[in-house]
Amino acid sequence: MRSVTGRNVLIGAVIVSLAFGVVIGRFTGGLGGGGSLASIAESRGMTVAEAEGALKVFTPPGKYDEYVMISSGGQSGNIYLVGVPSMRLLKSIPVFTPESWSGYGQGADWSETILAEGSSDKQARELKWGDTHHPGLSETNGEYDGRFVYINDRANGRIGMVDLRDFKTKQIVDLPNMQTSHGGVFVTPNTEYVHISSMSPMPQTADGYAPLDQYKEKYRGISSWLSIDQESGKIDTTASFQIELPPYTQDLADAGKLASDGFAFIGSYNTEMATGGVSEGGDPIEKGASARDFDYLHIIDWKKAAEVAAAGKTEMRNGMRVISLQTAIDEGLLYLAPEPRSPHGADVSPDGNYIVVGGKLDPNVTIYEIGLIKQAIADKDFEGVDEFGVPILKFSSVVAGQVEVGLGPLHTQFDGKGNGFVSLFLDSAVSKFSLGPKAGIKAGEEFKLLDNVKVNYNIGHLATTEGDTVAADGRYLVALNKWSIDRYPVIGTLKPQNFQLIDLAGPKMQLLADTPVGYGEPHYVQIIKLSRLTSAIDVYQPGTDPLTMAASSVATAAGEERVERDGNTVHVYMTAMRSHFTPDILRVKKGDKVVLHVTSIEQTADATHGFAIPGYNLQASLDPGEVVTLEFVADKAGSFAFYCTEFCSALHLEMQGWLLIEP
Ligand code: RUQ
Ligand code: CUA
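Residues numbered from 1 in each chain as written. Chains lettered and ligands numbered in written order. Predicted model: local features only at pLDDT ≥ 70, side-chain atom pairs only at ≥ 80, totals over all residues. Heavy atoms only, no water.

Asks: So what about a nonpolar patch on the surface? Which residues, and what values?
Replies: Among the surface-exposed residues, L407, F425 and L426 lie close enough to one another that they form a single nonpolar patch of about 280 Å² accessible area. Assignment of secondary structure puts L407 in the loop between β24 (399–404) and β25 (409–414). (Patch = residues over 30% accessible without salt bridge, like charges linked within 9 Å, V, L, I, M, F, W, Y side chains within 5 Å. Areas by Shrake-Rupley, 256 points an atom, 1.4 Å probe, with all protein chains shown as cover. Salt bridge = Lys/Arg side-chain N within 4 Å of Asp/Glu carboxyl O. Helix = DSSP H or I, 4+ residues; strand = E, 2+ residues; numbered from the N terminus.)

Here it is as structure tokens:
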């Protein structure tokens, strides 16, 4: 009761204070029993707006956030899960880069398999890191369904898949014919395909090399359509296909939905095809790539492309079916629309009618309409073709409107109420604007700037709650700021990025909270309602192999623990249970190969163990019900005290054993 009373009084104080526009502390007198909340705000030097923001963000102990943000982790190669609105970090999920907590890439067989399969011959070396940029949650009927999430590796042209049952990575696919990827990740409305496109075009030659003076002839962009197994979420490359694109730098992309279902949109820049060469008498790429007034939005009819691929009008290239650029033109799969120079975001509104493009060097967002695009294609209303023969639609025929929003518009997100929110990199701000009548906006109110809020600083992406789906709900917006300069104390030369939470509930956007991100640079995020994560489990079925989610052939039940020697190979079938390993003494000879199958026979949520051997670079997490195999050659003799790395019980420290490697 006391807290309820207190809250009412504080809200009263907030209202009173807002009315007078002064700090809460001046109203502590005469507030009766609720004075303590007001005095806390005062003692902490908070303004009314800050105290109000704190109440909106704070998630009391034991209570859950309404949303989970799936955040890319940049150079960390991971995904981070963050609660919204509390902005508390829930968990990291390693995808491309080894991580010790979960033992990912530290010896556990399932993770070693994924990482090894994730480096093809395309790479110069077996890769040990990735640069995660764009998560794409699986969808059913255009809404997030909480089954899987895909994320790209910007550096190496790969994509990873995380299973939202156990929130573990299950697959990395190293894509042939493309070397890098950037913003071209999205999932089609029923997860038929996950799309990933190249950023820098790559020579389509056997050895992946071509001189830069053959850029136009030999280099090509690639749009990949990766077919998804609906049970496992895994990518089936044999059912996938790629579409060759002109050697422009393909950038942000989005799937059509509802009105535009079946289409995809990919922005591009450097349609000048500049290749740099500052020290060879040329211009830097930044200059060469900004010479023309227009670049191109690529419009792809992917449903038709899937039919063309099914009809066999493809060529095999490094194990992947590829629709050539010429076939894409001949079959009417690919069109271009001019975009004001150096465009960046390309985002489809929740109703599917509008495609919003931000132009880094243009103060406007340009809003295309799918009805106009379809009509122009049907009428062959082209201004001509590009150098490769791709038809170019007339700008005036396909653009429904432009809104001047501020400097450096990048990405747009939506509230499902007919409005867009665009990040302004140069202004360090977010602008809200209205879409057109097809999104339910009244005549006379369409394509107008509505609001603007400053953020700190240099915003890249932004994300609204469920903002990429048909069910965008306009509750919160998170600004993903690149710089944090003075927002946090000086803690060294490498500074955190900064997430800022913005409340969209009222008529004006309200900045609520800053959250430092000190573990890698997030690029894009998606925010899903917690209630949609219905596949999530917290205990595996007994004896589960996380890679297959099925019973492991090497699972060991209590009482069946054993050691089997086969020549120089020693197979150990071990169990882990609070607070001991069975067996707990292992005797091998120097030079033996040890294959250690460890089964957690726990079935209690959070009764997690770990397994580590000093000096051998091995660490695995043993989640309840999980089976992990660790394989190593016992090439250094000694007495090694292996132990459980997770504080599992009162006798956790006693959960250890001896690996005796006889010289
Ligand atoms: S796009 S460096 Cu995701 Cu604005 Cu990337
Ligand atoms: Cu098991 Cu600590």
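Continuing now.
Asks: So what's going on with the sheet that holds strand β5 (residues 143–153)? Which residues, and what values?
Replies: Pairing in this open sheet of four strands is antiparallel, and the strands run β4-β5-β6-β7 from one edge to the other. The strands lining the two open edges of the sheet, one partner per strand, are β4 (132–140) and β7 (168–174). Ignoring which end each strand starts from, the neighbouring axes of this sheet average 25° apart. Examined bridge by bridge, strand β6 (residues 158–163) and β7 share six bridges and lie antiparallel to one another. Residue pairing in the sheet places R158 in a bridge with D174 of β7. (Pairing = 2+ DSSP bridges. Axes fitted to C-alpha atoms, helices over the stretch in contact; angles between N-to-C directions.)

Asks: Summarise helix α7 (residues 302–310); cite the residues concerned and give the values.
Replies: W302, A305, A306, V308 and A309 are the residues of α7 that are buried. All buried residues of α7 lie within an arc of 160° about the axis, which places them on one face of the element. α7 presents E307 and A310 as exposed residues on the side facing more than 90 degrees away from its buried surface. (Buried < 20%, exposed > 50% of the residue type's maximum accessible area, 1.4 Å probe, protein only. Arc of directions from axis to C-beta.)

Asks: Break down the side chain of T366 for me, citing the residues and quoting the values.
Replies: Tracing the backbone through its elements, the reader meets T366 in strand β21 (residues 364–369). Excluding its chain neighbours within four sequence positions, the residues that come into contact with T366 are P340, I355, V356, V357, F395, V399, G401 and Q402. (Contact = heavy atoms within 4.5 Å.)

Asks: Describe the nonpolar core, listing the residues and the values that go with them.
Replies: Ranked by internal contacts, the top residues of the largest apolar core, which has 50 residues, are I79, M574, F581, L596, F611, I613 and L659. A per-element tally of this core places strand β37 (residues 569–577) first, with four residues. In this structure I613 touches L596, L618, F632, F640, F642 and L659, once residues within four positions along its chain are discounted. If you look at the next biggest cluster of nonpolar residues, it comprises 32 residues, including L245, I266, M273 and W302. (Core = buried A, V, L, I, M, F, W, Y, C linked by side-chain atoms within 4.5 Å.)

Asks: Run through the sheet that holds strand β3 (residues 89–94), naming residues and quoting values.
Replies: Strand order across the open sheet formed by four strands is β3-β2-β1-β33, with antiparallel pairing between neighbours. Each edge of the open sheet carries a strand with a single partner, namely β3 and β33 (525–529). Each neighbouring strand pair of the sheet contributes to a mean axis angle of 20°, computed without reference to strand direction. Alignment of strand β2 (residues 78–84) against β3, held across five bridges, turns out to be antiparallel. Opposite Y80, over in β3, you have S92 as the bridge partner.

Asks: Describe in detail the site of ligand 1, supporting the description with residues and values.
Replies: Around ligand 1 lies a shell formed by H133, H134, H182, L252, H344, H411, H461 and H523. Class assignment for the residues of the shell around ligand 1 results in one nonpolar, seven polar and no charged. (Near = heavy atom within 4 Å. Nonpolar A, V, L, I, M, F, W, Y, C, P; charged D, E, K, R; others polar.)

Asks: An account of unusual backbone geometry is requested, with residue identities and associated values reported.
Replies: Here R578 and S579 are connected by a cis peptide whose omega angle stands at -5°. Tracing the backbone through its elements, the reader meets S579 in the loop between β37 and β38 (580–582). Geometrically, the link from T582 to P583 is a cis peptide bond, its omega value of -5° lying close to zero. Checked against the element boundaries, P583 lands in the loop between β38 and β39 (585–589). Even without glycine at this site, E466 takes up a positive phi of about 55°. The exposure class of E466 is buried, given its relative accessible area of 1%. The phi angle at D606 is positive, at roughly 75°, despite the residue not being glycine. Position of D606 relative to the elements: it lies in the loop between β40 (593–600) and β41 (609–613).

The quantities given are spatial measurements derived from coordinates; they are silent on function.
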